[in-house]
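Given next are the chains, with one letter for each unit.
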Amino acid sequence: MNSSMLKSTFSGGEIAQKLLERITSRSAVVGVVGLGYVGLPLAVEKCRVGYAVLGFDRNAIRVAQINQGSNYIRDVADETLAQMVAGGRLSATSDFARLVECDVIVMCVPTPLTANKDPDISYIRSVGADIALTLRPGQLVCLESTTYPGTTEEILLPQFAATGLVVGRDYFLAYSPERVDPGNKRYTTSNTNKLVGGVTATCLNVASDFYQQTIIDVLRVSTPRVAEMTKVFENTFRAVNIALVNELALLCDRMKIDIWEVMDAAETKPFGIMRFDPGPGVGGHCIPLDPFYLAWKARQYDFHTRFIELAGEINVSMPYFVRDKVARALNTRGLPLKGSKILMLGVAYKKDVPDWRESPALKILDLLTEDDAIVDYHDTHVPSFQDEHGRIRHSVPLTAKALSEADCVLITTDHSNISWDFVVDNARLVFDTRNATKTCQGQHRNVFLL
Ligand SMILES: NC(=O)c1ccc[n+]([C@@H]2O[C@H](COP(=O)([O-])OP(=O)(O)OC[C@H]3O[C@@H](n4cnc5c(N)ncnc54)[C@H](O)[C@@H]3O)[C@@H](O)[C@H]2O)c1
């Protein structure tokens, strides 16, 4: 652990002491609010070490699914969830009055952007209001949603203070960002180290002891704002570096240099470099959104976050570049975009996940359709989805016929379950935005790379 991280020197009052006993003896009831990609794996993790877990969600379908032991998140094992529910250790509800039953409440609700790209913290506010209605002495509340620095103390703390209870004495409040990387087999909720920032020293101690029950390394920082800033920095770091390689890809395209060869070569340097790959743009719930939380907050301090804006501009432009490059690839065959059949492989925002939120593939599909191309897609991880015009689209089977009938096969997600040799051998023309075809045998004159 970094020497600047704060050490535990517990000196809480009687209420904190009792809560800690419940936490360490695993007799505490843990409430998880928001049972999505973050909340459900977390609920299962807490249950696995012996806590009784009560999940809260506004989505009645999800609540019913959990109570039937039916899993809907890939990172959770079906059997594990079913056993926990059958054993009575895990259940879900939409009755927020039951928050009073919980000793620890973890908030994992969405933090999207509004149409104007401003933070939409209405979910945090709404759950904060629900918690405040039943807040009682001896509860620990931890916010895990990604958000701008200041949210915990500027939004939640006043909501809870209005109850008359005193933070750090009666109840405890902390921010601890979730760092989960969906689909990552090596780093999961339990072995990814966790940051915790408490509103008071006692809040920090209670919260970090809670996380230490399930997580190998818990790093204490001085305030919730430091933890909030660190989390948005981590996602901004990715957004900016991806934008940097995307910009280089645009230049390499003009200079007729293979960007992938450059990335492979740069990676051989044993120090001072970290690999990021170019691609069709950024997607998911984090990288395209979170940096704008920081940019918005910065404006309150008369500060303009230029790296974030520039990275956003470049990453957002990538689907347009892909559309143009598909048109150029078709042009080599004497075909216009209008009327050409395009088979898009992958709508998930990254490989091997079923998440298509903010996926650049959606924008590309929309742009190609606008230019009157006829677009189908294949993605076994996303059997159907609603496109930008509200139309439900369904994945088509990946057959030799479907590949050979397409004027262009466009690789937008490099899922591991696809045989790229099969794709390249059967397609007439391939445009590969992920360098997925790098493993294909032999020279393929029908493949264009980003
Ligand atoms: N998905 C990721 O990879 C990831 C990683 C790290 C951090 N995060 C952050 O975690 C937070 C949650 O993200 P997610 O991907 O799990 O979202 P999600 O959309 O998968 O899940 C959110 C859940 O919250 C529920 N919900 C919405 N409003 C609610 C309310 N008022 N009360 C109770 N439940 C409510 C939704 O029905 C949904 O089930 C976000 O802030 C996100 O930025 C996500």
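Note that the structure is predicted; figures quoted are calculated from it, not measured. (Residues numbered from 1 in each chain as written. Predicted model: local features only at pLDDT ≥ 70, side-chain atom pairs only at ≥ 80, totals over all residues. Heavy atoms only, no water.)

Notes on the nonpolar core
Line of reasoning, step 1. Core analysis: the largest hydrophobic core is formed by 78 residues, its most contacted members being Ile 23, Leu 90, Ile 131, Leu 140, Phe 160, Leu 173 and Phe 210.
Line of reasoning, step 2. The dominant element in this core, judged by the number of residues it contributes, is helix α7 (residues 201-212), at six residues.
Line of reasoning, step 3. Not counting chain neighbours up to four residues away, the residues in contact with Leu 90 comprise Ala 43, Val 44, Cys 47, Val 53, Leu 81, Met 84 and Val 85.
Line of reasoning, step 4. If you look at the next biggest cluster of nonpolar residues, it comprises 39 residues, including Ala 239, Phe 321, Ile 342 and Val 375. (Core = buried A, V, L, I, M, F, W, Y, C linked by side-chain atoms within 4.5 Å. Buried < 20%, exposed > 50% of the residue type's maximum accessible area, 1.4 Å probe, protein only. Helix = DSSP H or I, 4+ residues; strand = E, 2+ residues; numbered from the N terminus. Contact = heavy atoms within 4.5 Å.)

Brief notes about the pattern of salt bridges
Line of reasoning, step 1. Within this structure, the stated rule accounts for 28 salt bridges.
Line of reasoning, step 2. Between Glu 234 and Arg 179 there is a salt bridge, and its shortest N-O distance comes to 2.6 Å. A residue pair is termed long-range when its members are at least 10 positions apart, and Glu 234 in helix α8 (residues 224-255) and Arg 179 in the loop between β6 (172-175) and β7 (194-198) qualify at 55 residues.
Line of reasoning, step 3. Owing to a relative accessible area of 22%, Glu 234 belongs among the partly exposed residues under this scheme.
Line of reasoning, step 4. In the salt-bridge network here, residues are joined through shared partners; they are Asp 264, Glu 267, Arg 275 and Asp 277. (Salt bridge = Lys/Arg side-chain N within 4 Å of Asp/Glu carboxyl O.)

Focus on the site of the ligand
Line of reasoning, step 1. Neighbouring the ligand are 27 residues; Val 38, Asp 57, Arg 62, Thr 111 and Thr 146 lie closest to it.
Line of reasoning, step 2. Thr 146 has a polar backbone atom sitting 3.0 Å from an oxygen atom of the ligand.
Line of reasoning, step 3. When the ligand is considered free in solution it has 830 Å² of accessible area, and contact with the protein chains removes 92% of it.
Line of reasoning, step 4. Among the elements that line the shell around the ligand, the one with the most residues is helix α5 (residues 122-134), at three residues.
Line of reasoning, step 5. A breakdown of the residues in the shell around the ligand according to their chemical character gives 13 nonpolar, eight polar and six charged. (Near = heavy atom within 4 Å. Polar contact = N/O pair within 3.5 Å; in protein donor to acceptor, adjacent residues only side chain to side chain. Areas by Shrake-Rupley, 256 points an atom, 1.4 Å probe, with all protein chains shown as cover. Nonpolar A, V, L, I, M, F, W, Y, C, P; charged D, E, K, R; others polar.)

Thoughts on helix α10 (residues 290-299)
Line of reasoning, step 1. Counting buried positions along α10 yields eight of ten residues, so the element is predominantly enclosed.
Line of reasoning, step 2. Buried within α10 are the following residues: Asp 290, Pro 291, Phe 292, Tyr 293, Leu 294, Ala 295, Lys 297 and Ala 298.
Line of reasoning, step 3. The inward-facing, buried residues of α10 abut α6 (151-161), α8 and α11 (306-331).

A look at the sheet that holds strand β10 (residues 374-378)
Line of reasoning, step 1. Spatially, the five strands line up as an open sheet ordered β10-β9-β13-β14-β15, and their pairing is parallel. With partners counted over all chains shown, the strands left at the sheet margins are β10 and β15 (447-449), one partner each. On average, adjacent strands in this sheet sit at an angle of 20° to one another, irrespective of strand direction.
Line of reasoning, step 2. For strand β9 (residues 341-345) and β10, the ladder comprises five bridges, and the chain directions are parallel. Its bridge partner being in β10, Met 344 is matched across the sheet by Tyr 377.
Line of reasoning, step 3. Lying on the sheet, helix α12 (residues 360-370) is in contact with β9, β10 and β13 (408-411); it crosses β9 at an angle near 180°. (Pairing = 2+ DSSP bridges. Axes fitted to C-alpha atoms, helices over the stretch in contact; angles between N-to-C directions.)

What about unusual backbone geometry?
Line of reasoning, step 1. Its identity is not glycine, yet Asp 302 carries a phi of approximately 55°, on the positive side.
Line of reasoning, step 2. Backbone geometry places Asp 352, a non-glycine residue, at a positive phi of 65°.
Line of reasoning, step 3. Residue placement: Asp 352 occurs in the loop between β9 and α12.

Let's talk about the packing of α8 against α10
Line of reasoning, step 1. Across the interface, α8 lies against α10 with an axial gap of 8 Å and an inter-helix angle of 120°. In terms of their interaxial angle, α8 and α10 are classed as oblique. For the element pair α8 and α10, the recorded crossing hand is left-handed. Counted together, Met 229, Val 232, Asn 235, Thr 236 and Ala 239 of α8 and Asp 290, Pro 291 and Leu 294 of α10 form the full contact between these two elements. (Parallel < 35°, antiparallel > 145°, perpendicular 65-115°, else oblique. Left-handed = near helix turned anticlockwise from the far one by under 90°.)

Details of the packing of aromatic side chains
Line of reasoning, step 1. With the rule as written, the count across this model stands at ten aromatic pairs.
Line of reasoning, step 2. Aromatic side chains Phe 237 and Phe 276 sit 5.8 Å apart centroid to centroid with 70° between the ring planes, which places their arrangement in the edge-to-face category. Of this pair, Phe 237 sits in helix α8 while Phe 276 sits in the loop between α9 (259-266) and α10, and the two are 39 residues apart along the sequence.
Line of reasoning, step 3. Residue class for Phe 237 comes out partly exposed when judged on its relative accessible area of 32%.
Line of reasoning, step 4. Owing to a relative accessible area of 6%, Phe 276 belongs among the buried residues under this scheme.
Line of reasoning, step 5. Taken together, Tyr 51, Phe 210 and Tyr 211 form an aromatic cluster joined through their ring pairs.
Line of reasoning, step 6. Positioned over the ring face of Phe 96 is Arg 58, at 4.2 Å from the centre of the ring. (Phe/Tyr/Trp six-rings, centres within 6.5 Å; stacked < 30°, edge-to-face > 60°. Lys NZ or Arg CZ within 6 Å of the ring centre and 35° of its normal.)

Brief notes about the pairing of β6
Within a regular strand, side chains alternate between the sheet's two faces.
Line of reasoning, step 1. Across the two faces of β6 the burial is the same, with Phe 172 and Ala 174 and Leu 173 and Tyr 175 all buried.
Line of reasoning, step 2. When strand β5 (residues 140-143) meets β6, the two strands line up parallel, connected through four bridges. Looking at the pairing, Cys 142 lines up with Ala 174 of β6.
Line of reasoning, step 3. Once the chain exits β5 it traverses α6 before rejoining the sheet at β6, and the crossover so formed is right-handed.
Line of reasoning, step 4. Alignment of β6 against β7, held across two bridges, turns out to be antiparallel. Note on β7: the bridge partner recorded for Ala 174 is Gly 198. (Right-handed = clockwise from strand over helix to strand, strands pointing away.)

Looking at the sheet that holds β7
Line of reasoning, step 1. A sheet is described by the order of its strands in space; here eight strands give the open sequence β3-β2-β1-β4-β5-β6-β7-β8, paired in mixed fashion. Unpaired on one side and paired on the other, β3 (90-93) and β8 (218-221) mark the two borders of the sheet. The sheet shows a mean angle of 25° between the axes of neighbouring strands, taken without regard to direction.
Line of reasoning, step 2. In terms of strand pairing, strand β4 (residues 104-107) meets β5 through four bridges, oriented parallel. Considered in β5, the bridge of Val 104 is made with Leu 140.
Line of reasoning, step 3. Contacts between helix α2 (residues 39-48) and the sheet are confined to β1 (29-33), β2 (52-56), β3 and β4, with β1 contributing the most and set at about 170° to the helix.

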